[in-house]
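This is what each chain is made of:
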Amino acid sequence: FYFIFCGIFGVSGLALLVGGVLMYQNTLAFTQIAEKAPGKVIEVARRDATFVPIVEFYTPDGQRFEHISSTGANPPSWQVGDTAVVLYDPKDPMKAELDNFSNIWLGDLIVFGLGVVNTGIALGVIFWRRKRASAIAWLKSHGEVVVSTFSRVEQNTSIRMNGRCPWRIVSL
């Protein structure tokens, strides 16, 4: 179970970390070549359970393009007539995105964050298992075996620790 658990979380965590880094590099490359254009919300469309803005923008040569946002909200965060800044690839204006954090960076951050969490869980379990194995090995080499017959568990009322009486194991 331990190997399966750590394997699943470790492999998925590393895959998500790599995916997050690749997404970041792709987004960074896009933002470095992208041109900005003022845009205007011409429609708010329903997509599944959210509402996404459809934004029109014009390139410097006067070509009109429509962009459907990759992120939405419910209730809608955009209204028809709102203005927005659009980032677009000057070689392919159909590759566009609204210039705000959630549209540009949020997906990258979520994927990378999930990678950190999954990898952290796997490493935490591995660390805990190694620490536990080390403690068991120390006890085996330095501890003393006690052989007895269990009798009962009772509360030791002759002393108090942190305002409470501890329990003790009574054996024969």
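Owing to the predicted nature of the structure, the values given are computational and were not obtained by experimental measurement.

> Can you walk me through the nonpolar core in this structure?
Considering soluble globular proteins, one finds that nonpolar side chains tend to be buried as a cluster. Residues Ala37, Val41, Val55, Phe57, Phe65, Ala84, Val86, Tyr88, Ala96 and Leu98 constitute the largest nonpolar core, which totals 10 residues. The set of elements that each furnish at least two residues to this core consists of β1 (35–47), β2 (50–58), β4 (83–89) and β5 (92–98). In terms of residues, this core owes the most to one element, β4, which gives 3 residues. Among residues more than four places away in sequence, those in contact with Val86 are Glu35, Lys36, Ala37, Gly39, Val55, Phe57, Ala96, Glu97 and Leu98.

> Just to check I follow, could you spell out the packing of aromatic side chains for this structure?
Geometry of an aromatic ring pair is reported as the spacing of the ring centres plus the angle between the planes. For the structure shown, the criterion picks out 5 aromatic pairs. Aromatic side chains Tyr2 and Phe3 sit 4.9 Å apart centroid to centroid with 65° between the ring planes, which places their arrangement in the edge-to-face category. Given a relative accessible area of 18%, Tyr2 falls into the buried group. Judged by centre distance (5.6 Å) and plane angle (35°), the ring pair of Tyr24 and Trp105 falls under tilted. Residue Tyr24 is found in helix α1 (residues 2–33), and its partner Trp105 is found in the loop between α2 (101–104) and α3 (106–142); the two are separated by 81 residues along the sequence. Since its relative accessible area comes to 41%, Tyr24 is described here as partly exposed. The class for Trp105 is partly exposed, based on a relative accessible area of 24%. By the ring-pair criterion, three or more aromatic residues cluster together here, those being Phe57, Phe65 and Tyr88. Cation over ring: Arg129 sits above Tyr2, and NZ or CZ is 4.0 Å from the ring centre.

Rules and cut-offs
- Residues numbered from 1 in each chain as written.
- Predicted model: local features only at pLDDT ≥ 70, side-chain atom pairs only at ≥ 80, totals over all residues.
- Heavy atoms only, no water.
- Core = buried A, V, L, I, M, F, W, Y, C linked by side-chain atoms within 4.5 Å.
- Buried < 20%, exposed > 50% of the residue type's maximum accessible area, 1.4 Å probe, protein only.
- Helix = DSSP H or I, 4+ residues; strand = E, 2+ residues; numbered from the N terminus.
- Contact = heavy atoms within 4.5 Å.
- Phe/Tyr/Trp six-rings, centres within 6.5 Å; stacked < 30°, edge-to-face > 60°.
- Lys NZ or Arg CZ within 6 Å of the ring centre and 35° of its normal.

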